[in-house]
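# Tertiary structure, described
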Amino acid sequence: FSSIGNSKKYLFVWTAFGVLETFAYYRSYVKPTAHPTITYALENPTDFIAFFVTTLGRPFTDHPETALLMGYLILATFIIVLFLSFKIYHQKRNLLTVWYSIVLYSLLGLGLASVSRVGFGIPSAMSSRYTALSVLLIVGLLGLFSVLIGVKPEKQRLTPVLSLALISVPLLAFSYTAG
């Protein structure tokens with residue numbers, strides 16, 4: 001994996017295929033008449049942010065207000081973990097790049113969903129269809145967190161590992177029962 005990650009040629013090819021696939025998907029797209037305009041997100045940025053953040057917290061709860069709160073907590077955690085992981089990027093580049101990719105995929109997917117669906121209202125952010133992308137962000141965060149734990153001396157790893165378990169087990173249990 002490291003030889004692929006370090007090669008600009010492979011990155012270019014991967015990006016080119018991604019752009020071509022996206023172009024092919026949207027080439028003949030026609031917006032359904034019942035759908036709100038795509039500019040709604042630009043005209044209502046607070047609704048866009050609320051929709052996006054609610055989708056992040058959706059795997060934790062069935063209640064929109066709680067999902068919004070959890071989404072903000074996940075976003076804050078993401079910012080902290082991202083900052084901490086940047087500090088060790090030069091040491092663990094290969095491991096971190098995989099997790100960054102998963103997180104980025106999730107954020108881009110949720111961003112696109114938020115732009116295209118926010119016009120239906122914030123409650124539609126609670127749709128289970130967005131949970132797969134939200135959980136990918138959490139998986140990516142857990143991966144980044146595990147890399148951060150691995151950098152610590154062995155004696156200092158117990159607390160973060162227990163914290164990880166306290167977060168993961170309820171999330172998995174709720175997601176399983178809701179699914």
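The structure reproduced in this document is the subject of the present report. Predicted model, so just to flag it, every value in this text is computed and none were measured.

A separate point is the packing of helix α4 (residues 45–57) against helix α6 (residues 93–117). Viewed as axis vectors pointing N to C, α4 and α6 meet at an angle of 135 degrees, and their least axial separation amounts to 9 Å. Considering their axes alone, α4 and α6 lie oblique with respect to each other. The hand of the α4/α6 crossing is right-handed. Listed contacts from α6 to F48, F51, F52, T55 and L56 of α4 are L107, L110, G111, A113, S114, V115 and R117. When its residues are assigned to classes, the contact of α4 with α6 shows eight nonpolar, three polar and one charged.

With the rule as written, the count across this model stands at one salt bridge. Across the pair R58 and D62 runs a salt bridge, and its minimum N-O distance is 3.2 Å. Accessibility expressed as a relative area gives 11% for R58, which makes it buried. Residue classification places D62 among the partly exposed residues on the basis of a relative accessible area of 46%.

What counts as what
- Residues numbered from 1 in each chain as written.
- Predicted model: local features only at pLDDT ≥ 70, side-chain atom pairs only at ≥ 80, totals over all residues.
- Heavy atoms only, no water.
- Axes fitted to C-alpha atoms, helices over the stretch in contact; angles between N-to-C directions.
- Helix = DSSP H or I, 4+ residues; strand = E, 2+ residues; numbered from the N terminus.
- Parallel < 35°, antiparallel > 145°, perpendicular 65-115°, else oblique.
- Left-handed = near helix turned anticlockwise from the far one by under 90°.
- Contact = heavy atoms within 4.5 Å.
- Nonpolar A, V, L, I, M, F, W, Y, C, P; charged D, E, K, R; others polar.
- Salt bridge = Lys/Arg side-chain N within 4 Å of Asp/Glu carboxyl O.
- Buried < 20%, exposed > 50% of the residue type's maximum accessible area, 1.4 Å probe, protein only.

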